[in-house]
Amino acid sequence: MKNMTRKLIVFVFFIFSVMGTAQTYKMIDTADYLQRKEFLKSFAGNNEGFIKKLRSQYSGKTGSELSKIYKEFGTDFEKQVKNKDFIFKSEFETEIKTLIQRLRKNNPKVPQDLKILVARDNTPNAYCLADGTFVINMGLYNWFNSEDQIAAVITHELGHKIDEHSLKTFLSIIEQNQLDKIAVQNLKETTASRSQTQNKKAFDILKNRAYKKGVERRQQEMKADSLGYMIFKNSDFKKNEYINALQRLQDFDTISPRELKMETYKKLFDLPKQAFNEKWMKKEDFSLYNYNFYKEKLDKDSLASHPEMSRRIEKLKKTFPELKTSVESEKPSDPFTTLKKMARMEILPNYFHSEDYGLGIYASMQFLQDGEEEKYYKGWLGKCFLKIYEARKNYNLNRYLDRIEPKNQSESYQQFLNFMWNLSLDDIKNIADFYQSSYQIKES
């Protein structure tokens, strides 16, 4: 539903209360070679059939460009499946299939050939592919309060699929590319003495194209909201949970991050063989940086692909009067609570799988600060520090640890990044060795 940056993820899931014990927790089994092989065979065939259908509907340059787009997408998606970015035959999949069956009961427009994949991704998001493969991120279960809210996200994505928004977007891009080529060619034919005018025209082409895409995508989101709610309304879910789901996503975007305290650093990194060093906490001075460069060049709101959640909620309430009255979410069911606990315990394995080792360390420190499952999270702290050590030693730490971006990060996360970049290679190794030797995590 929302395409949110990974940096937001670490700031939002720490507000939950302690849920269950990790000493007895068994991580999700990813030894699913046969299931992945079966899925890949089916996906490849379905994608090929879909491309053939497109070639029959769209001839010439448009047909060939569409074929290229979907072939490249298919190849990329197959790589993700082979990389174990998704889990098969899980309790999550069973639950989601049940939700779709409930949606399908009074909604003949819901496709019959939907296939379910659960992504090892901590972002609260979902999407539906052209062949009917429905992807649910595990992060939805971390962030949402009920299965009704999960169903709301599913119906929103079904709205996108029913109205063929992805296909329409690709067609618009292909058409715009062709128009831009003509415009650029016309610019090349002007004289060199008018270079300043050319630059302005070139930027205007870029700006107008970006604005047009932003408008189109915002319209698609609004349309998917309405189509999705109609499906949701016809089912047996509680109507206001559709609005509550959007509200939760708005909270995800705007929630104030919790502070990682200085005492936490000292407690975790004052080790028997390596005393805590105050110099590790030194901050870089960004006060002289100019972040207003090109501020007036582009209208940020016009470029936003998703309208603000508040506007989407307001639009739905205006269109569907029954949604005007706010209703709090009811207590989640026992099955949903169980899945929520599982998703929470998989946050660190998911970060480790996606090679977000810096985020994994930050998350582990937050969990430990909150007094949660010391052995479990200290084990992940050691695993992530070992990977950071290997990256630092191989001069590719930038791949796994963010650089500081004051305009896009909380003060707490900036402090964490300062700490991490201030550590020497030996410092990192000593931390990794301590936690690796003291706490062990066995991966499935």
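Below you will find a few notes about this structure. Everything numeric in this text was worked out from a predicted model, so none of it was measured. (Residues numbered from 1 in each chain as written. Predicted model: local features only at pLDDT ≥ 70, side-chain atom pairs only at ≥ 80, totals over all residues. Heavy atoms only, no water.)

This brings us to the overall build of the protein chain. Along its length, the protein chain carries 18 helices and 4 strands. Restricting the contact set of the protein chain to residue pairs at least 6 apart, pairs at least 24 apart contribute 77%. Just so you have it, the protein chain exposes about 23,200 Å², and 49% of that area is on carbon and sulfur atoms. (Helix = DSSP H or I, 4+ residues; strand = E, 2+ residues; numbered from the N terminus. Contact = heavy atoms within 4.5 Å. Areas by Shrake-Rupley, 256 points an atom, 1.4 Å probe, with all protein chains shown as cover.)

The next thing to look at is the packing of aromatic side chains. The tally for this structure, following the rule as stated, stands at 30 aromatic pairs. Their ring planes at 90° and their centres at 5.4 Å tell us that Y70 and F170 sit as a pair that is edge-to-face. Of this pair, Y70 sits in helix α3 (residues 60-82) while F170 sits in helix α7 (residues 165-188), and the two are 100 residues apart along the sequence. Given the relative accessible area of 5%, Y70 is considered buried. F170 sits in the partly exposed class, given a relative accessible area of 23%. Taken together, F39, F43, F73, F77, F86 and F88 form an aromatic cluster joined through their ring pairs. Sitting over the face of the ring of W421, R403 holds its NZ or CZ atom 3.7 Å from the ring centroid. (Phe/Tyr/Trp six-rings, centres within 6.5 Å; stacked < 30°, edge-to-face > 60°. Buried < 20%, exposed > 50% of the residue type's maximum accessible area, 1.4 Å probe, protein only. Lys NZ or Arg CZ within 6 Å of the ring centre and 35° of its normal.)

A separate point is unusual backbone geometry. Excluding glycine, residues mostly have negative phi values, and the peptide bonds linking residues are mostly trans. For K84, which is not glycine, the phi torsion reads 65° and is therefore positive. Given a relative accessible area of 30%, K84 falls into the partly exposed group. The residue E373 is not glycine, and still its phi comes out positive at about 35°. As for its position among the elements, E373 is in the loop between α15 (357-369) and α16 (374-393). The class for E373 is buried, based on a relative accessible area of 11%.

Below, the discussion takes up the environment of R312. If you trace the backbone, R312 turns up in helix α12 (residues 309-319). Taking the C-alpha atoms as reference, R312 lies 9.2 Å from I243; in sequence the two are 69 residues apart.

A few words now on helix α2 (residues 33-57). Taking 1.5 Å per residue, 25 residues should reach 36 Å; α2 reaches 36 Å between its end C-alpha atoms and fits that length. For α2, the full list of buried residues reads R36, F39, L40, F43, N47, F50, I51 and L54. (Expected span 1.5 Å × (residues − 1).)

Moving on, we get to the nonpolar core. With 94 residues, the main nonpolar core has F92, I154, F269, F385 and F416 as its most contacted residues. The element contributing the most residues to this core is α16, with 9 residues. Core analysis: the next-biggest nonpolar cluster, separate from the first, contains 11 residues, F43, F86, F88 and L129 among them. (Core = buried A, V, L, I, M, F, W, Y, C linked by side-chain atoms within 4.5 Å.)

On to the packing of α15 against helix α17 (residues 411-422). For the pair α15 and α17, interaxial distance at closest approach is 11 Å and the crossing angle is 115°. Relative to α17, α15 is oriented so that their crossing is right-handed. Of the residues in α17, those in contact with G358, L359, I361, Y362 and M365 of α15 are S412, Y413, F416 and M420. Split into classes, the residues belonging to the contact of α15 with α17 amount to 7 nonpolar, 2 polar and no charged. (Axes fitted to C-alpha atoms, helices over the stretch in contact; angles between N-to-C directions. Left-handed = near helix turned anticlockwise from the far one by under 90°. Nonpolar A, V, L, I, M, F, W, Y, C, P; charged D, E, K, R; others polar.)

Looking at the secondary structure, you find N396 in the loop between α16 and α17. Those residues within four positions of N396 in sequence are excluded, and the remaining contacts are E390 and A391.

Here α15 spans 18 Å end to end across 13 residues, near enough to the 18 Å set by a 1.5 Å rise per residue. Burial runs high along α15: 13 of the 13 residues are buried. Residue G371 follows α15 closely and has a positive phi angle near 80°.

The next thing to look at is the pattern of salt bridges. Under the defined criterion, the tally for this structure stands at 18 salt bridges. Across the pair R344 and E372 runs a salt bridge whose closest N-O atoms are separated by 2.4 Å. Of this pair, R344 sits in helix α13 (residues 334-345) while E372 sits in the loop between α15 and α16, and the two are 28 residues apart along the sequence. Residues R344 and E372 agree in their burial class; the two are buried. In this structure, the salt-bridge partner of R399 is E355, at a minimum N-O distance of 3.9 Å. Taken together, the residues R399 in the loop between α16 and α17 and E355 in the loop between α14 (347-353) and α15 connect sequence positions 44 residues apart. Residue R399 is classed as exposed on the basis of its relative accessible area, which comes to 54%. The class of E355 is partly exposed, set by a relative accessible area of 34%. Each of D163, K168 and K223 takes part in a single network of salt bridges with overlapping partners. (Salt bridge = Lys/Arg side-chain N within 4 Å of Asp/Glu carboxyl O.)

Here S235 lies in the loop between α8 (195-233) and α9 (240-254). A relative accessible area of 11% means that S235 is categorised as buried. In the structure, S235 is positioned 84 residues away from A151 in sequence and 9.9 Å away in space, judged by C-alpha atoms. S235 has contacts with R102, L103 and N107, leaving out every residue within four places of it along the chain.

Right, let's talk about the pairing of strand β4 (residues 133-137) for a bit. Judged by how many residues are buried, β4 sits mostly within the fold: 5 of 5 residues are covered. Because side chains alternate across β4, one face comprises the buried residues T133, V135 and N137, and the other comprises F134 and I136, equally buried. Inspection of the sheet shows strand β2 (residues 115-119) paired to β4 by 5 bridges, in the parallel sense. Residue pairing for β4: L117 is matched across the bridge by V135. Alignment of strand β3 (residues 126-128) against β4, held across 3 bridges, turns out to be antiparallel. Across the sheet, Y127 pairs through a bridge with V135, a residue of β4. From the end of β3 to the start of β4, which pair antiparallel, there are 4 residues, and G132 there has a positive phi angle of about 95°. (Pairing = 2+ DSSP bridges.)

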